[in-house]
Amino acid sequence: MYKKTYLTRYLVEKQRINGHIPPELRLLLEVVARACKRISQAVNKGPLGEVMGSADSENVQGEIQKKLDIIANEVLIEANEWGGHLAAMASEEMEGIHVVPNRYPQGEYLLLFDPLDGSSNIDVNVSIGTIFSVLVKPEGANVSEQDFLQAGVKQAAAGYCVYGPQTTLVLTVGDGVAVFTLDREQGSFVLTQEDLKIPEDTKEFAVNMSNQRHWDAPVTRYINECIAGSDGARGKDFNMRWVGSMVADVHRILTRGGIFLYPWDKREPEKPGKLRLTYEANPMSWLVEQAGGVATDGKHRIMDIQPAQLHERVSVFMGSKNEVDRVSSYYAEATSQA
């Protein structure tokens, strides 16, 4: 008979057997998972829960907020602020940080999150998700925004929850990638895959092709080679897959290989990219690396980048090692010829 390993047991064993994580981090991750279950319930109700459509407001990024964006943000804050594990939180939906109120004990960790990634897909019933990253708070009495400006290599845990046909939690604490599926009858996340690995080679890429005319030369060169297929320089045919939700696109790549590209483009040349470094690119990069993949901005390893701002943006190329390395080599060639 199949013996289920629930998320709590998985984390307890990480704490107890090899001391890989401290108890405070274990408890924090359990709270984040519970919050994701609440968000999943709200997402699954759809129009029955009167949560669809625009909230008629903008976030700090200048993006129109959906009602579920705001709900998911509030769920994560309310679930995490009272437990004593966190000092503060930061979110895509908030301009500044949310410091744990004085009426609650402050913990040693910082939590960053994109509460509902891909929210433009909400109203058409396409997979969306929550991305999160955990950092250790630097020593000092008062927490500040500066404390969140840590390179991705400093992460203590990272993960995402994708709300699709199944609700799936993907997690790393630094020793591989584990996948949990929500058992709706039991209300618990069950371990369904451990030590997830991305194939080094692939025949799939994920990019928004409508922006092709705005890309710089290395990205255009790479995608043109993929499109040329077996008749081109690569000598093999590629498929393009694009959901428009980073969680959904990267989850597919973690599951079966591929490369995800969200590059700089000429429309906003002053911005290095579209995706946010601290709470989107960093946690996803760590998951990809822990699964044997690579994540860069074309020139640098993403997790080595030192953030200068809380909502800093970055170009993203992540997934199967050999494909990401190829894109990076095209950037290196372009730089050497400049």
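Please refer to the structure placed before this passage.
Predicted model only: the values in this text are computed from it and were never measured. (Residues numbered from 1 in each chain as written. Predicted model: local features only at pLDDT ≥ 70, side-chain atom pairs only at ≥ 80, totals over all residues. Heavy atoms only, no water.)

Visitor: How do you make sense of the sheet that holds strand 4 (residues 98–99) when you look at a structure like this?
Guide: Taken together, the 8 strands give an open sheet; going across it, the order is 4-3-5-6-7-8-9-10, and neighbouring strands pair in mixed fashion. Edge positions in the sheet fall to strand 4 and strand 10 (188–194), since each has one partner strand and no second. Alignment of strand 9 (residues 178–183) against strand 10, held across 6 bridges, turns out to be antiparallel. The residue of strand 10 that forms the bridge with Asp-183 is Ser-188. In the packing of helix 6 (residues 277–290) onto the sheet, the strands contacted are strand 3 (86–91), strand 5 (109–117), strand 6 (128–136), strand 7 (155–163) and strand 8 (167–172), and the crossing angle to strand 7 comes to about 95°. (Pairing = 2+ DSSP bridges. Helix = DSSP H or I, 4+ residues; strand = E, 2+ residues; numbered from the N terminus. Contact = heavy atoms within 4.5 Å. Axes fitted to C-alpha atoms, helices over the stretch in contact; angles between N-to-C directions.)

Visitor: Would you take a moment to explain the pattern of salt bridges for this structure?
Guide: Within this structure, the stated rule accounts for 19 salt bridges. Put simply, Arg-221 and Glu-225 hold a salt bridge, and the shortest N to O gap is 3.7 Å. Highlighted residues: Arg-221 and Glu-225, both in helix 4 (residues 217–228), separated by 4 residues, approximately one helical turn. On the basis of relative accessibility, which here comes to 35%, the residue Arg-221 falls in the partly exposed class. Within the structure, one salt-bridge network assembled from shared partners comprises Arg-221, Glu-225, Arg-326 and Glu-333. (Salt bridge = Lys/Arg side-chain N within 4 Å of Asp/Glu carboxyl O. Buried < 20%, exposed > 50% of the residue type's maximum accessible area, 1.4 Å probe, protein only.)

Visitor: I tried to follow the environment of Val-162 on my own but got confused; where do I start?
Guide: Tracing the sequence through the fold places Val-162 in strand 7. A C-alpha to C-alpha distance of 18 Å links Val-162 and Lys-67, two positions 95 residues apart in sequence. With residues up to four places along the chain from it excluded, the contact list for Val-162 reads Ser-127, Ile-128, Gly-129, Thr-167, Thr-168, Val-247 and His-251.

Visitor: Got a minute to help me understand the pairing of strand 8 in this structure?
Guide: The side chains of a regular strand alternate between both faces of the sheet. Taking burial as the measure, the 6 residues of strand 8 include 6 buried ones, the bulk of the element. Both faces of strand 8 are covered, namely the face carrying Thr-167, Leu-169 and Leu-171 and the face carrying Thr-168, Val-170 and Thr-172. Sheet topology places strand 7 next to strand 8; 6 bridges connect them, and they run antiparallel. Among the inter-strand pairings, Cys-161 is bridged to a residue of strand 8, identified as Leu-169. Counting the residues between successive antiparallel strands, the hairpin from strand 7 to strand 8 contains 3 residues. Sheet topology places strand 8 next to strand 9; 4 bridges connect them, and they run antiparallel. Paired with Val-170 across the bridge in strand 9 is Val-179. The antiparallel hairpin formed by strand 8 and strand 9 contains 5 residues in its connecting segment, where Gly-174 sits at a positive phi of about 105°.

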